[in-house]
Amino acid sequence: REPPPGTEAYIPQRFPDNRIVSSKYTFWNFIPKNLFEQFRRIANFYFLIIFLVQLIIDTPTSPVTSGLPLLFVITVTAIKQGYEDWLRHKADNAMNQCPVHFIQHGKLVRKQSRKLRVGDIVMVKEDETFPCDLIFLSSSRGDGTCFVTTASLDGESSHKTHYAVQDTKAFHSEQEIDALHATIECEQPQPDLYNLLFLSKYLYFGMFIFCRPLGSENLLLRGATLKNTEKIFGVAIYTGMETKMALNYQSKSQKRSAVEKSMNVFLIVYLCILISKALINTVLKYVWQSEPFRDEPWYNQKTEPERKRNQFLQAFTDFLAFMVLFNYIIPVSMYVTVEMQKFLGSYFLTWDEEMFDEDTGEGPLVNTSDLNEELGQIEYVFTDKTGTLTENNMEFVECCIEGHVYIPHVICLGPFKGEELFFRALCLCHTVQVKDDDNVDGLKKSQLSRRSRIYISSSPDEVALVEGIQRLGYTYLCLKDNYMEILNRENNREKFELLEVLSFDSVRRRMSVIVKSSTGDIFLFCKGADSSIFPRVKEGKIDQIRSRVERNAVEGLRTLCVAYKKLTAEEYSNAQKMLQNAKLALQDREKKLAEVYEKIERDFILLGATAVEDRLQEKAADTIEALQKAGIKVWVLTGDKMETAAATCYACKLFRRNTQILELTTKKIEEQSLHDVLFDLSKTVLRHSGSLTRDSLSGLSTDMQDYGLIIDGAALSLIMKPRQDGSSGNYRELFLEICRNCSAVLCCRMAPLQKAQIVKLIKLSKEHPITLAIGDGANDVSMILEAHVGIGIIGKEGRQAARNSDYAIPKFKHLKKMLLVHGHFYYVRISELVQYFFYKNVCFIFPQFLYQFFCGFSQQPLYDTAYLTLYNISFTSLPILLYSLMEQHVSADTLKREPSLDVAKNALLRWRAFIYWTFLGVFDAVVFFFGAYFLFDNTIMFGNWTFGTLVFTVLVFTVTLKLALDTHYWTWINHFMIWGSLLFYIVFSLLWGGIIWPFLNYQRMYYVFMQMLSSGPAWLGIILLITVSLLPDVLKKVLCRQLWPTQLFLMSWSYIHRYCPQP
């Protein structure tokens, strides 16, 4: 708030208050903003235009007929969105009014969270969440550390250790903290949770100014929770909507399902049909009126202004009038029905008890219901390995020291050189913290395990290693006052001063510590993946250790290599200077640190390697096998080494015993050129004619020869890299052709961005397959966002994947039911809903088109205004909505037992099915109209409205009974909705005709319905026309079952014969 000393010009920056606003609307802008967003949808905007046309010109139907359905759709959507936003307002208010303690004039003051400002010093107690982004100044713990969980940010429930600023960690009283004068320079707010750059300058009562670099270990993020620490002090650095949590609120890009795209294409087709109908009728009207006696009959002669009116304008007005008359062929209510079906249908997934995991107490989550039907159309599944296929529950198995293998609780032959150094390296090279209380988040030590110490770390690998070394005789005790203490085999304490930590990152794939022993020796200990350690080693028993690492990898164990080097005082001094300069940089700090790490971490002496087991998840193999039987290709994308990942793939049945493994790895490319390797693989896999289609993949048996491809990250980079002549497409196409002919693909040594590249490559290939990505860690988020459908596992690596996904499930095994049962039902139901809506609207409006040929193209409506308005809203809407929620054409158990019943890509919404439904609608409409016309021609008792009511009655009964014929799964709710909607139509017609409610006797439908029903031939005609209308669909079903039976029908028939004995 005050300019730094020595500043010539100072422009104070305006910082926001600490209010969080996640709501979309306010009380004042809800109506205009919501209306604007809703009318951006083409269908809504189209019906608005039709409504305005009805208001402006003289049209054959009342504006109510299109205005009321539009108002219904807009109102329902507005209520839904308004309620959701009200919940967001409620959550915002609860968060903004939360009490916070901060220091003012050396005293603790309590006020609401929204009143915090940048620069305020805040005190946070145990189990409280941080109210804004804070720089950690001091802690109640003597070593200046605190434990934090970031479950609400990235979902990681493990404890992270943060460190107070070195110069302020001794300040524990409010007065000392309040006396602090400092300036913090930081970058502008950005959503990245992990790359943080700060620089602080301290001024103590006029003393010398000095700088201190700050990083992510000094920053406490809003939303994180303080654990196992009594209290901390921190200064507000980012507040309100500038906090990392608020910046991560930004919504993901909107994903659209294949069904929605098909629906929009069909709407365009129907719009073209509508325009064609209006044009045909407009032209025929003027042809009809070309003779004077038809243009001006004696009972309706034109006025003088009408004769002088512009002919082109008159024709355009007539065209618009016909558009209004026929506009009901575009089903506006379909959108709201589809939205309700998706929203309500998503609850069936969350209510599924079989997908509830008792161990974690978690069930499936639906973050977006827009992609429900896409679950039943998946062609490619891209899955992570660690934590997704495996449990991410690490258990130390063995370590290899200079070729000697050590296994916990097994006596080894005598000590030798390097052994003690190796154990010390593992005891020191980590970020593990020791819990010294009796409780960890309320659980007593005895409830957690029998071990004497409780280790806390963000990485389960590190905890497994420290616990494993403890069983081999070396125990890590604590980190206190920057000194790490360990207990050796002789029960003697050893102290090492922690000088520097070179943190782990996914690019380097290693971490290092620089420590100083009590004798003054300085060591750099490093552990990491073998691919990042071996190239930096200059001596040690490399061959023996490499051999053991490869053997363990083949067995599916996770391996790490450990190396060290001894530093002289001069070497450490130079390293410290380079690190300090890099940390002080505000621009490209990460890049400069990486360059310094590269210079420091070299010329190692190899000590040994460790092996940790990560067990396969329950039923992971069964799930992958079922997906492959369903014709879905499964790819594993992992950062692990090839041998470890390949062993896991065999264990989970991704690769079979007879699978021929093809390698596209760096090792292969070093022996041959990339061009030669790709062409050799291409020749191998193309010996069989054609690529593996969905059907052929689902028919794979254990005897059939199939191929499995293994590719690593370096090879993928070469394939994706543009060639010198600028053509990168050739290698990509060749690679894709190879992949199409492989039943499974394993991509190892993949960086997070490369995972997304693979998904994008397949997604944009010429077949445009529907892709699904599933993972459990932050490194899987990129591919989850890239795929058509993203699924997060609620696992031990945190919830960042689950929060960024479209759906979240507790375990990988739940993917089987999610895709093969729920996805199948979602797709079949919504496909029937879309086709049925178009069908019933063709049945509805085509008789109106035919009627114009019998009324001189005078734009006379066939149906009454009430029928036009309520047809889609009331008479036919609820049965199809319930059908789309409840229908099961086959049982869930059958779908799980027979994965091959999965529906092929968008099969139910292809052009063939669409044309069939459209022509069925046209046929039924012709039967309605001409059946009524010829049966009751020259009948005196039937006038205009009675004829229209007769056609409408047959229409409502036919389309409702058509749905009843298509229903396989009957419940009392189906019966209530189908027969109830027909009863409602009859009751409404009696009411509207003045029979039940006599006060309606002034309108044109008075006693029309009753007059129609009083005629015996009308009853017979209605039954006859309904029967004739439904007959083709019944015949088609019978003939198709006899001549072209589906796999589902054959399976059901076989099941009946097998389990239902004949008498």
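Keep in mind the model is a prediction, meaning the values are calculated, not measured.

What counts and how
- Residues numbered from 1 in each chain as written.
- Predicted model: local features only at pLDDT ≥ 70, side-chain atom pairs only at ≥ 80, totals over all residues.
- Heavy atoms only, no water.
- Helix = DSSP H or I, 4+ residues; strand = E, 2+ residues; numbered from the N terminus.
- Buried < 20%, exposed > 50% of the residue type's maximum accessible area, 1.4 Å probe, protein only.
- Contact = heavy atoms within 4.5 Å.
- Areas by Shrake-Rupley, 256 points an atom, 1.4 Å probe, with all protein chains shown as cover.
- Axes fitted to C-alpha atoms, helices over the stretch in contact; angles between N-to-C directions.
- Parallel < 35°, antiparallel > 145°, perpendicular 65-115°, else oblique.
- Left-handed = near helix turned anticlockwise from the far one by under 90°.
- UniProt positions renumbered as here; feature names shortened; annotations may be inferred.
- Polar contact = N/O pair within 3.5 Å; in protein donor to acceptor, adjacent residues only side chain to side chain.
- Patch = residues over 30% accessible without salt bridge, like charges linked within 9 Å, V, L, I, M, F, W, Y side chains within 5 Å.
- Salt bridge = Lys/Arg side-chain N within 4 Å of Asp/Glu carboxyl O.
- Expected span 1.5 Å × (residues − 1).
- Arc of directions from axis to C-beta.
- Nonpolar A, V, L, I, M, F, W, Y, C, P; charged D, E, K, R; others polar.
- Pairing = 2+ DSSP bridges.

Considering the overall build of the chain
When helices and strands are counted, the chain shows 37 helices and 35 strands. Per-residue burial for the chain yields a buried fraction of 52% across its 1063 residues. At a minimum sequence separation of 6, the contacts of the chain that also span at least 24 residues come to 73%. Total accessible area on the chain is roughly 49,600 Å²; 57% of this is exposed by carbon and sulfur atoms.

Here's the deal with the packing of helix α28 (residues 814-851) against helix α33 (residues 944-966)
Following both chains from N to C, one finds α28 and α33 inclined at 160 degrees, their axes separated by 11 Å at the closest point. By the angle class used here, α28 and α33 are roughly antiparallel. Crossing of α28 against α33: the hand is right-handed. Facing α28, whose interface residues are Glu832, Tyr836, Tyr839, Lys840, Cys843, Phe844, Pro847 and Tyr851, α33 presents Asn944, Phe947, Val951, Phe952, Leu955, Thr958, Val959, Thr960, Lys962, Leu963 and Asp966.

Notes on the UniProt feature "active site" (unreviewed entry) in the chain
When the UniProt feature table is mapped onto this chain numbering, "active site" (unreviewed entry) sits at Asp384. Tracing the sequence through the fold places Asp384 in the loop between β14 (380-383) and β15 (390-401). Given the relative accessible area of 4%, Asp384 is considered buried. When residues no more than four places from it in sequence are discounted, the contact partners of Asp384 are Leu389, Leu637, Thr638, Lys755, Ile774, Gly775, Asp776, Asp780 and Met783. A polar contact of 3.3 Å, which involves the side chain of Asp384, links it to the side chain of Lys755.

What to know about the side chain of Ser884
Within the fold, Ser884 resides in helix α30 (residues 877-886). Judged by relative accessible area, which is 1%, Ser884 ranks as buried. Once you skip the residues sitting within four places of it in the chain, Ser884 turns out to touch Gln341, Arg829 and Leu833.

With respect to a nonpolar patch on the surface
Nonpolar side chains collect at one region of the surface, where Met340, Phe343, Leu344, Tyr347, Phe348 and Trp351 lie side by side and expose about 540 Å² of accessible area between them. The topology assignment puts Tyr347 in helix α10 (residues 333-350). Take Tyr347: its relative accessible area is 32%, and that puts it in the partly exposed class.

Section: helix α16 (residues 569-584)
With 16 residues, α16 should reach 22 Å at 1.5 Å per residue; the first-to-last C-alpha distance of 22 Å fits that figure. Tyr572, Ala575, Leu579 and Ala582 are the residues of α16 that are buried. Projected down its long axis, α16 shows its buried positions confined to an angular sector of 95 degrees, all on one face. More than 90 degrees from the buried face of α16, the exposed residues found are Ala569, Glu570, Lys577 and Asn581. At its buried positions, α16 is contacted by β23 (493-505), β24 (510-517), β25 (522-528) and α17 (589-600).

A closer look at the packing of helix α11 (residues 419-428) against helix α13 (residues 460-471)
Running from N to C, α11 and α13 point in directions that differ by 140 degrees, and their axes come no closer than 9 Å. The angle between α11 and α13 falls in the class oblique. Our pair here, α11 against α13, has a crossing hand that is left-handed. For the pair α11 and α13, the contacting residues are Phe423, Leu426 and Cys427 in the first and Leu465, Val466 and Ile469 in the second. Residue composition of the contact of α11 with α13, by class: six nonpolar, no polar and no charged.

So, the pattern of salt bridges
Once the charged atoms of two side chains with opposite charge are near each other, the side chains can pair. Summed over the entire model, instances satisfying the criterion amount to 29 salt bridges. When the shortest N-O distance is used, the salt bridge between Asp384 and Lys755 registers 3.3 Å. A residue pair is termed long-range when its members are at least 10 positions apart, and Asp384 in the loop between β14 and β15 and Lys755 in helix α25 (residues 752-763) qualify at 371 residues. A single burial state applies to Asp384 and to Lys755, both of which are buried.

Details of the sheet that holds strand β31 (residues 706-712)
If you walk across this open sheet you meet the nine strands as β13-β35-β34-β33-β14-β29-β32-β31-β30, and the pairing is mixed. At either margin of the open sheet sits one strand with a lone partner, and together these are β13 (365-366) and β30 (659-664). Two strands pair when backbone bridges link them, and strand β29 (residues 633-637) and strand β32 (residues 744-748) are joined in this way by four bridges, in the parallel orientation. If you follow Trp635 over to β32, its bridge partner there is Val745. Here α25 sits on the sheet and contacts β14, β29, β32 and β33 (771-775); the angle it forms with β29, its principal contact strand, is near 155 degrees.

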